[in-house]
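Below are the chains, spelled out letter by letter.
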Amino acid sequence: MAILIIEDEKNMSDLLKLELTHSGYQCDQAFDGEKGLLMALKNDYELILLDLMLPRINGIELCRRLREVKQTPVIMLTARDEVMDKVNGLQVGADDYLAKPFAMEELLARISALLRRINIQKAELEYSYSDIRIDTSKRKVYFKDKEIVLTATEFDLLTLLVKNGGNVVRRDMILDEVWGYDDEVSTNVVEVYIRYLRNKIAGIKIETVRGVGYRLS
């Protein structure tokens, strides 16, 4: 699990790296905001430890620019413990805030809690059933690890089926969830889109439960 430490005080950065490495994390270091931002954008880190007072680009500005592109979890570190520093950090997208000096045990606990929360959130954004995997945050569908390009309606219909696993999804529920009970949409259109999915995803098994609805099998 990789962590980026952006801290201009080398002794502090080295201490953080030593303790985190001992706890099982892999660590990279940056000693100014400009270098830290480049590394954060170029690489995929599980978490970033970000000092507030940095040369070239300060921590607030770095976090703001990072959030325009990525949602990497950020814990902001600073020697200052003023309320406005904390507010500013959180407003630009920091996930947590820790004032120096701090106990290493507290930092490790904060890291563990944040990563656990992020992983729970990620799990809620992904659904899978059999060979199908759906990433709702990116609106991407994979069948046997191959990406399948779907229209927005096809995506919403498949997501509903996957979320219900092997359970039957009634036609009226499909109309409500996917089309919002549009008066101009009939139950026949559901059958049409089920056929689209079957044609687009070779090998998918969508069973028709006559008079009721559909389910994945």
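In this text the structure is predicted, and so the values were computed from the model without any measurement.

Trainee: Which parts of the structure should I look at to understand the packing of helix α2 (residues 33-42) against helix α3 (residues 59-67)?
Mentor: To characterise two packed helices, one gives the angle between the axes of the helices and the distance between these axes. Between α2 and α3, the shortest axis-to-axis distance is 10 Å and the interhelical angle comes to 20°. Classified by the angle their axes make, α2 and α3 are roughly parallel. Here α2 and α3 pass one another in a crossing that is right-handed. Here G33, G36, L37, A40 and L41 of α2 come into contact with α3, specifically with L62, R65 and L66. Partitioning the contact of α2 with α3 into residue classes produces 5 nonpolar, 2 polar and 1 charged.

Trainee: Mind showing me how you'd approach the sheet that holds strand β6 (residues 126-129) here?
Mentor: In a beta sheet, neighbouring strands are held together by backbone hydrogen bonds and run either parallel or antiparallel to one another. Pairing in this open sheet of 4 strands is antiparallel, and the strands run β6-β7-β8-β9 from one edge to the other. Because the sheet does not close on itself, it has two edges, and the strands there are β6 and β9 (146-148). Taking the axes of each pair of neighbouring strands and ignoring which way they run, one obtains an average angle of 25° across the sheet. Its contacts with the sheet put helix α6 (residues 152-163) on β6, β7 (132-135) and β8 (140-143), and the angle it makes with β7 is roughly 115°.

Trainee: Would you mind going over the sheet that holds strand β3 (residues 47-51) with me for this structure?
Mentor: Taken in spatial order, the 5 strands line up as β2-β1-β3-β4-β5 in an open sheet, and their pairing is parallel. Two strands close off the open sheet at either side, each with one partner strand: β2 (26-30) and β5 (96-99). Pairs of neighbouring strands in the sheet enclose a mean axial angle of 20°, with direction left out of account. The sheet contact formed by strand β4 (residues 74-78) and β5 spans 4 bridges and is parallel. Bridge pairing links M76 to Y97 in β5. Sheet strands in contact with helix α1 (residues 10-22) are β1 (2-6), β2, β3 and β4, and its direction is about 170° off that of β2.

Trainee: How should I be thinking about the pattern of salt bridges in this particular structure?
Mentor: Close approach of charged atoms lets side chains of opposite charge pair. Taken as a whole, this structure holds 15 salt bridges when the rule is applied. Among the ionic pairs, K100 bridges to E7, the shortest N-O distance being 2.7 Å. Taken as a pair, K100 in the loop between β5 and α5 (104-125) and E7 in the loop between β1 and α1 lie far apart in primary sequence, 93 residues in all. For the pair K100 and E7, a shared accessibility class is recorded, and that class is buried. With a closest N to O distance of 2.9 Å, R215 and E207 form a salt bridge. The partly exposed category is assigned to R215, whose relative accessible area is 28%.

About the cut-offs
- Residues numbered from 1 in each chain as written.
- Predicted model: local features only at pLDDT ≥ 70, side-chain atom pairs only at ≥ 80, totals over all residues.
- Heavy atoms only, no water.
- Axes fitted to C-alpha atoms, helices over the stretch in contact; angles between N-to-C directions.
- Helix = DSSP H or I, 4+ residues; strand = E, 2+ residues; numbered from the N terminus.
- Parallel < 35°, antiparallel > 145°, perpendicular 65-115°, else oblique.
- Left-handed = near helix turned anticlockwise from the far one by under 90°.
- Contact = heavy atoms within 4.5 Å.
- Nonpolar A, V, L, I, M, F, W, Y, C, P; charged D, E, K, R; others polar.
- Pairing = 2+ DSSP bridges.
- Salt bridge = Lys/Arg side-chain N within 4 Å of Asp/Glu carboxyl O.
- Buried < 20%, exposed > 50% of the residue type's maximum accessible area, 1.4 Å probe, protein only.

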